[in-house]
Amino acid sequence: MQEKIKEIADRVRELRELSDFTVKDMAEHLQVSDETYGKYEDGTEDIPASMLFEIAHKLRVDMATLLTGEEPRMNIFTVTRDGKGVNVERRKQYKYQNLAEKFIHKKAEFFVVTVEPKPYGTKPETNSHPGQEFNYVLEGSLKVYIHNNEIVLKKGDSIYFDSTYEHAMEALEGETAKFLAVII
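Residues numbered from 1 in each chain as written. Predicted model: local features only at pLDDT ≥ 70, side-chain atom pairs only at ≥ 80, totals over all residues. Heavy atoms only, no water.

**Re the overall build of the protein chain**
The line we're drawing: For the purposes of this entry, the term helix denotes a DSSP run of H or I that reaches at least four residues, the term strand denotes a run of E that reaches at least two, and both are numbered from the N terminus. We call a residue buried when its accessible area falls under 20% of the maximum for its residue type, exposed when it is over 50%, and partly exposed in between, using a 1.4 Å probe and counting protein chains only. When checking whether two residues touch, look at their non-hydrogen atoms; a contact exists if any pair is within 4.5 Å. All accessibility values rest on the Shrake-Rupley procedure with a 1.4 Å probe; residue burial counts only the protein chains present in the view.
A tally of regular secondary structure across the protein chain gives five helices and nine strands. Ordered by position from the N terminus, the helices and strands of the protein chain form the series α-α-α-α-α-β-β-β-β-β-β-β-β-β. Its C-alpha atoms give the protein chain principal-axis dimensions of about 45 × 40 × 30 Å. The burial tally for the protein chain puts 44% of its 184 residues in the buried class. Put simply, 64% of the contacts in the protein chain that link residues at least 6 apart link residues at least 24 apart. On the protein chain, roughly 10300 Å² of surface is accessible, and the fraction owed to carbon and sulfur atoms is 49%.

In structure tokens form, the structure reads like this:
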């Protein structure tokens, strides 16, 4: 896992340098401190998937390029078979599976996100990122924390929100939850 984080960080740094952006430019775009962004690039801090999406947008590359080092080539359609999407473990509390990494010039990123239950009374860490997000619960139930609200979603429920607000998802009832996340 640590090796993959370092590979992604190296690709981000190299593409930033080739694009003539400074660390400060990127940090401002992502609305994080220069120090935090520096940790992303040196691989000492894992880059959240939402931040990778924004980095890819700023660098004008597909997110798949950052994740795999390969340019996506599909421009008419792409098929991702069940369980075969590129796994992205960007945050300890979530497991992401990219569903369209081979399609070029996407306007959004699509993930199946798995959330394991936490010990009772443990609140998940929040994060925020530029853009918007749509989540559709596939399995289990989730508590969504967003902007001083706690919303319970069950299988088949969805939420669309401004992801610049701090947010987090928590699996409920001691069971793993899965949801489709679309980051725009």
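Text resumes after the structure shown.
**Details of empty space enclosed by the protein**
Heads up, the rule is: Think of a 1 Å grid over just the protein atoms. A cavity is a set of points where a 1.4 Å probe fits yet cannot get out, a pocket is an open set with protein on both sides within 12 Å along at least five of seven lines, and lining residues have an atom within 4 Å of a point. Grid points are joined across faces, edges and corners, and a volume is the space filled by probe spheres set on the points. Classes in brief: Ala, Val, Leu, Ile, Met, Phe, Trp, Tyr, Cys and Pro nonpolar; Asp, Glu, Lys and Arg charged; the others, Gly included, polar.
In total, this model carries two cavities of 30 Å³ or more according to the counting rule given. Within the residue set of the lining of the largest cavity, elements represented by two or more residues are β2 (94-98), β8 (167-171) and β9 (177-183). For the lining of the largest cavity, the leading source of residues is β9, giving three residues. Taken together, the residues that form the lining of the largest cavity break down as eight nonpolar, four polar and two charged.

**Describing the sheet that holds strand β5 (residues 141-146)**
The condition is simple: If DSSP finds at least two bridges between two strands, the strands pair. Axis geometry follows a simple rule: fit a line to the C-alpha atoms, using only the stretch in contact for helices, then measure angles between N-to-C directions, giving values from 0 to 180 degrees.
Reading across from one edge, β6-β5-β8 is the order of the three strands in this open sheet, with antiparallel pairing throughout. The open sheet has two free edges, formed respectively by β6 (149-154) and β8, since each of these has just one partner strand. Between one strand axis and the next, the sheet turns by 20° as a mean value, whatever way the strands run.

**Re the packing of aromatic side chains**
Let me state the cut-off plainly: Planes of paired rings set the category: under 30 degrees apart is stacked, over 60 is edge-to-face and the rest tilted, where pairs are Phe, Tyr or Trp rings (Trp by its six-membered ring) whose centres lie within 6.5 Å.
Inspection of every chain in the model, using the stated rule, returns two aromatic pairs. Ring centres 6.3 Å apart and planes at 75° place the aromatic pair Tyr37 and Tyr40 in the edge-to-face group. One end of the pair is Tyr37 and the other is Tyr40, both in helix α3 (residues 34-42) and three residues apart, which spans about a single turn. Relative to Tyr160, the ring of Phe134 has its centre 6.5 Å away and its plane inclined at 50°; by these criteria the two rings are tilted. Of this pair, Phe134 sits in strand β4 (residues 132-139) while Tyr160 sits in strand β7 (residues 158-162); the two residues are 26 residues apart in sequence, bridging distant segments of the chain.

**Description of the pairing of β4**
In this sheet, β7 lies alongside β4 in antiparallel orientation, the contact comprising five bridges. If you follow Phe134 over to β7, its bridge partner there is Tyr160. In terms of strand pairing, β4 meets β9 through six bridges, oriented antiparallel. In the strand pairing of β9, Asn135 is matched with Ala181.

**Examining unusual backbone geometry**
At Arg60, a position not held by glycine, the phi torsion is positive, near 60°. Positive phi is not limited to glycine here, since His147 has a value of about 45°. Since its relative accessible area comes to 46%, His147 is described here as partly exposed.

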